[in-house]
Amino acid sequence: MQRWRGLEDIPQDWGRSVVTIGSYDGVHRGHQLIIGRAVERARELSVPSVVVTFDPHPSEVVRPGSHPPLLAPHHRRAELMAELGVDAVLILPFTAEFSKLSPADFIVKVLVDKLHARTVVEGPNFRFGHRAAGTVDYLAELGATYDYDVEVVDLYVSGEAGGGEPFSSTLTRRLVAAGDVEGAREILGRPHRVEGIVVRGAQRGRELGFPTANLETLPHTAIPADGVYAGWLTANGERMPAAISVGTNPQFDGVERTVEGYAIDRVDLDLYGLHVAIDFFAYVRGQEKFASVDELLVAMGRDVQQCREILGM
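Just so we're clear, the structure is a prediction, and the values are computed from it rather than from any experiment.

Caption draft 1: Here's a closer look at the packing of aromatic side chains. According to the stated counting rule, one finds 11 aromatic pairs in the structure shown. On the numbers, 4.8 Å between centres and 85° between planes, the contact of Trp-4 with Trp-14 is edge-to-face. One end of the pair, Trp-4, is in strand β1 (residues 2-5); the other, Trp-14, is in the loop between β1 and β2 (17-21), and 10 residues separate them in sequence. Both residues of the pair, Trp-4 and Trp-14, belong to the buried class. For the pair Phe-54 and Phe-94, a centre-to-centre distance of 5.6 Å together with 85° between the ring planes defines the contact as edge-to-face. One end of the pair, Phe-54, is in strand β3 (residues 49-55); the other, Phe-94, is in the loop between β4 (88-93) and α4 (96-99), with 40 residues separating them in the sequence. In this structure, Phe-54 and Phe-94 share a single accessibility class: buried. Members of the aromatic cluster, joined through ring pairs, are Phe-54, Phe-94, Phe-98, Phe-106, Phe-126 and Phe-128. The ring of Phe-281 is capped by Arg-185, whose NZ or CZ atom sits 3.8 Å from the centre of that ring. Above the face of the Trp-232 ring, Arg-239 is positioned so that its terminal group lies 3.9 Å from the ring centre.

Printed below as a string of structure tokens:
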């Protein structure tokens, strides 16, 4: 899959394509319907499929300080889109100047002049251009002038997560923040992932017999509520069952919030400096402060055993 950052990265000889545009944070099951249809339509027309997305999140430029917690960084979104069969991802730097493009200018500069859109696939509430003035109807109206058609896909899926709310990135962020990683997993179609570089912490886990990988997480990462979770730790291409802790480590009067993963039964790992991923599969319990370190050790042993059972070890 080709990855482009900015319009200037698009090959000069790029031909017609099927395009879909959006933030697509998380690439959840609703997003998958739209992207999947774009891929399908591209194959019907024998042209490439392109996903157009933005960095940073538009809200950070339009309303500074309002950047939402991210469910997936851009490289992870690209991986997920590649799995869906997307041929190219275009990340447009979202600047103050770019935010002022009128809907008509956006269509001409991006869809017509650069991507030579044959079909544009979007959800029903897609908005674009300055002050989000552009609508799907307007997009279709200009399609008659610029020789592309528009296909609208209903992305609204619902299930048990959020009490039956339609699946969305906003709902997923809310569930993650509440520690409901099972609900987030239903929406995403996979466990919520947190990535980062393993850094040296206080090394208390190692002293207690449960060595953990302490992540320095990527900016704006959506991190689950404080507590203990069952999931997986992936490092160097190896996916290992893990007991995961999120919180400030109140047993030792900690103040800094950390994300740590213990690869169950793996005491031989040296992960310092590596980029690793932690996938949150299920909630185990909330963060607690115990009467003694011995009580903490008993609880940690119980947590690990519960994680084993949850993960089918």
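Caption draft 2: Up close: the sheet that holds strand β11 (residues 258-263). With antiparallel pairing, 6 strands are arranged side by side around a closed barrel as β7-β8-β11-β10-β9-β12. With strand direction ignored, the average angle separating the axes of adjacent strands in the sheet is 45°. Judged from the 4 bridges that link them, strand β7 (residues 192-199) and strand β8 (residues 213-217) form a sheet pairing that is antiparallel. Pairing of Gly-196 across the sheet is with Thr-217, part of β8. The strands touched by helix α8 (residues 181-188) are β7, β9 (227-235) and β12 (275-285); relative to β12, the strand with the most contacts, the crossing angle is about 120°.

Caption draft 3: Here's a closer look at the domain arrangement of the chain. The domain boundaries assigned to the chain delineate domain 1 (2-155) and domain 2 (192-311). At the junction of the two partners, domain 1 supplies 8 residues and domain 2 supplies 8 residues. Summed over the three residues of domain 1 that lose the most area to domain 2, namely Leu-70, Leu-71 and Arg-76, the buried surface amounts to 51% of that side. At the junction of domain 1 and domain 2, the tally comes to 0 salt bridges. Seen at the junction of domain 1 and domain 2, the total is 3 residue pairs in polar contact (both at pLDDT 80 or more).

Criteria and cut-off values
Residues numbered from 1 in each chain as written. Predicted model: local features only at pLDDT ≥ 70, side-chain atom pairs only at ≥ 80, totals over all residues. Heavy atoms only, no water. Phe/Tyr/Trp six-rings, centres within 6.5 Å; stacked < 30°, edge-to-face > 60°. Helix = DSSP H or I, 4+ residues; strand = E, 2+ residues; numbered from the N terminus. Buried < 20%, exposed > 50% of the residue type's maximum accessible area, 1.4 Å probe, protein only. Lys NZ or Arg CZ within 6 Å of the ring centre and 35° of its normal. Pairing = 2+ DSSP bridges. Axes fitted to C-alpha atoms, helices over the stretch in contact; angles between N-to-C directions. Contact = heavy atoms within 4.5 Å. Domains from an automatic or database assignment. Buried area = accessible area lost by both parts, 1.4 Å probe. Salt bridge = Lys/Arg side-chain N within 4 Å of Asp/Glu carboxyl O. Polar contact = N/O pair within 3.5 Å; in protein donor to acceptor, adjacent residues only side chain to side chain.

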